[in-house]
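Structure assessment
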Amino acid sequence: MKFFVDTAEIDAIAELNDLGMVDGVTTNPSLILKSGRDILEVTKEICDLVDGPVSAEVVATEADDMIAEGRKLAKIAPNIAVKVPLTWAGLKTCKTLSDEGQMVNVTLCFSTNQAILAAKAGATFISPFIGRLDDINMDGMDLIADIRQVYDNYGFETEILAASIRTVNHVTDSARIGADVITAPPGVIKKLADHPLTDKGLDAFLSDWAKTGQKIL
Ligand code: G3P
């Protein structure tokens with residue numbers, strides 16, 4: 001399973017990247033706003049830092065403009081994945097750019113039918129949003145499972161990039177279902193290491209160690 005980090009914060013990406021936990025990065029207009037950075041500058045910095053795909057999202061709504069924006073974003077670095085919304089204009093952009101050999105991430109996916117369309121348009125990644133479905137009292141994980149089944153039924157090669165991950169359980173469930181990639185905020189990835197029995201066990205070991213009076217270094 002690949003881990004993408006869902007942020008445009010350079011320090012947070014660098015910290016996890018140094019640990020080998022970053023297979024790619026996803027950004028979106030809201031994350032660019034949060035970073036307070038210029039999209040072209042910060043995306044270039046991320047691409048220089050990380051070897052894997054870095055998603056940068058178009059903001060036009062008509063296909064011709066989306067394609068032009070996508071081509072401009074793609075020039076930032078070879079590891080750019082142009083991110084487009086799951087609209088007909090986004091699918092047209094996906095088809096055009098993927099035919100040119102460009103990685104494309106189709107985002108804002110909320111149904112299995114949308115995911116089928118993205119795969120047929122040549123998407124490299126499909127981004128179903130788990131948390132936002134949970135927000136409206138649906139089960140985001142059901143969508144990940146449905147897309148996995150349908151993609152496997154037909155051998156679609158588009159990778160399932162489980163997005164809008166809010167909890168560590170979203171990560172576990174995505175892994176169980178067989179999502180190819182999860183993208184999560186740095187805080188969620190860091191929480192994956194937490195376990196109260198680890199903390200309790202370590203406290204006991206350190207307490208006993210102190211009683212030995214020994215030192216390793
Ligand atoms: O990867 C998509 C993500 O940034 C959206 O997350 O928490 O805003 O639904 P959220």
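Report on the accompanying structure. (Residues numbered from 1 in each chain as written. Predicted model: local features only at pLDDT ≥ 70, side-chain atom pairs only at ≥ 80, totals over all residues. Heavy atoms only, no water.)

1. Concerning the pattern of salt bridges
Pairs can form between side chains of opposite charge whenever their charged atoms are close. Evaluation of the coordinates by the stated rule reveals 12 salt bridges. Residue K2 is joined to E159 by a salt bridge in which the shortest nitrogen-to-oxygen separation is 2.8 Å. One end of the pair, K2, is in strand β1 (residues 2–6); the other, E159, is in strand β7 (residues 159–162), and 157 residues separate them in sequence. For K2, a relative accessible area of 32% puts it in the partly exposed group. A salt bridge links E45 to R37, with the nearest nitrogen and oxygen atoms 2.6 Å apart. (Salt bridge = Lys/Arg side-chain N within 4 Å of Asp/Glu carboxyl O. Helix = DSSP H or I, 4+ residues; strand = E, 2+ residues; numbered from the N terminus. Buried < 20%, exposed > 50% of the residue type's maximum accessible area, 1.4 Å probe, protein only.)

2. A short note on the packing of helix α8 (residues 140–154) against helix α9 (residues 168–177)
Running from amino to carboxyl end, α8 crosses α9 at an angle of 20°, the nearest separation of the two axes being 10 Å. Classified by the interaxial angle, the pair formed by α8 and α9 is roughly parallel. Regarding α8 and α9, the two cross each other, and that crossing is right-handed. For the pair α8 and α9, the contacting residues are M141, I144, A145 and R148 in the first and H170, D173, S174 and I177 in the second. (Axes fitted to C-alpha atoms, helices over the stretch in contact; angles between N-to-C directions. Parallel < 35°, antiparallel > 145°, perpendicular 65-115°, else oblique. Left-handed = near helix turned anticlockwise from the far one by under 90°. Contact = heavy atoms within 4.5 Å.)

3. A look at the packing of helix α1 (residues 10–18) against helix α3 (residues 39–49)
For the pair α1 and α3, interaxial distance at closest approach is 11 Å and the crossing angle is 5°. Judged by the angle between their axes, α1 and α3 are roughly parallel. Across from I10, I13, A14 and N17 in α1, the residues of α3 making contact are V42, E45, I46 and L49. Classifying every residue of the contact of α1 with α3 gives six nonpolar, one polar and one charged. (Nonpolar A, V, L, I, M, F, W, Y, C, P; charged D, E, K, R; others polar.)

4. A few points about the site of the ligand
In the vicinity of the ligand, the contacting residues are D6, N28, F129, R132, A163, S164, R166 and T183. Between the ligand and R132, the relevant distance is 2.6 Å, taken from an oxygen atom to a side-chain nitrogen or oxygen of the residue. In isolation the ligand has 310 Å² of accessible area, and contact with the protein removes 81% of it. Its residues placed into classes, the shell around the ligand shows two nonpolar, three polar and three charged. (Near = heavy atom within 4 Å. Polar contact = N/O pair within 3.5 Å; in protein donor to acceptor, adjacent residues only side chain to side chain. Areas by Shrake-Rupley, 256 points an atom, 1.4 Å probe, with all protein chains shown as cover.)

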